[in-house]
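# Examining the three-dimensional arrangement
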Amino acid sequence: MALRDWTERHRGFWEFIKFNVLGNVSMIVRLALMWVGYVLREKVVEVVRHGPLSEPGASLDAPEAPDELKATEPCADGSPVLAQSP
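The model shown is predicted, which means the values in this text are computed figures rather than measured ones.

This next bit is on the overall build of the chain. From N to C terminus, the chain includes 2 helices and 2 strands. Shown N-terminal to C-terminal, the secondary structure of the chain runs as helices and strands in the order α-α-β-β. Across the 86 residues in the chain, those meeting the buried criterion constitute 3%.

Structure, rendered in structure tokens:
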């Protein structure tokens, strides 16, 4: 009952205290959400940089069949050399 009496007598001061406490809670929540967003962003950047599509020539297309021949470096005469896929 003492708290209720005090808050009724000091209504303006009580509102000031509640405003400051809730403002601090809001700031802590915003900082936590920003930190979570930063961590998630770093994870996404890491996956993009070092993921399966980061290698040169990587694509979302189906991989080549192992027995399919593909052209590699041209010979000295300009004709392509066909090599077995690894």
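The subject of this paragraph is the packing of aromatic side chains. Evaluation of the coordinates by the stated rule reveals 2 aromatic pairs. Measuring from centroid to centroid gives 6.4 Å for Phe-13 and Phe-16, while their planes differ by 20 degrees, and the two rings are stacked. Here Phe-16 and Phe-13 lie together in helix H2 (residues 11-50), a separation of 3 residues that amounts to about one turn. Taken together, Trp-6, Phe-13 and Phe-16 form an aromatic cluster joined through their ring pairs.

A separate point is the pattern of salt bridges. Taken as a whole, this structure holds 2 salt bridges when the rule is applied. Where Glu-15 meets Lys-18, a salt bridge forms, and the shortest distance between an N and an O atom there is 3.4 Å. With Glu-15 and Lys-18 both in helix H2 and 3 residues apart, this pair spans about one turn of that helix. A relative accessible area of 34% means that Lys-18 is categorised as partly exposed. With a closest N to O distance of 2.8 Å, Arg-41 and Glu-42 form a salt bridge. Glu-42 sits in the partly exposed class, given a relative accessible area of 33%.

Here we come to a nonpolar patch on the surface. Residues Val-21, Val-25, Val-29 and Leu-33 make up a contiguous nonpolar surface patch of roughly 350 Å² in combined accessible area. Take Val-21: it is sitting in helix H2. Of the residues examined, Val-21 reaches a relative accessible area of 47% and is grouped as partly exposed.

Of the residues in the chain, 60% have a pLDDT of 70 or more, and the chain-wide mean is 79. The lowest-confidence element of the chain is strand S2 (residues 80-84), averaging 56 in pLDDT; the highest-confidence one is H2, averaging 93.

Reading guide: rules and limits
Counting of residues starts from 1 at the beginning of each chain's written sequence and follows it residue by residue. Only residues with pLDDT of 70 or above have their local features reported here, since the model is predicted, and side-chain atom pairs are shown and tallied only from 80 upward, although totals for entire chains, interfaces and linings are computed over all residues. Excluding hydrogens and water, the side-chain values take into account all heavy atoms of the structure. Strands here mean DSSP runs of E at least two residues long; helices mean DSSP runs of H or I at least four residues long; both are numbered from the N terminus. Think of it in three bands: with a 1.4 Å probe and only protein chains considered, a residue is buried below 20% of the maximum accessible area for its type, exposed above 50%, and partly exposed in between. For Phe, Tyr and Trp, where Trp contributes only its six-membered ring, two rings pair if their centres lie within 6.5 Å, and the inter-plane angle classes them as stacked under 30 degrees, edge-to-face over 60, or tilted in between. Salt bridges are defined by distance alone: a side-chain nitrogen of Lys or Arg within 4 Å of a carboxyl oxygen of Asp or Glu. For patches, a residue must show more than 30% relative accessible area and have no salt bridge; joins then use 9 Å for like charges and 5 Å for nonpolar side chains, namely Val, Leu, Ile, Met, Phe, Trp and Tyr. In these tables, accessible area is a Shrake-Rupley quantity obtained with a 1.4 Å probe, and a residue counts as shielded only by the protein chains included in the view. Confidence scores here are pLDDT values: one per residue, from the predictor, ranging 0 to 100.

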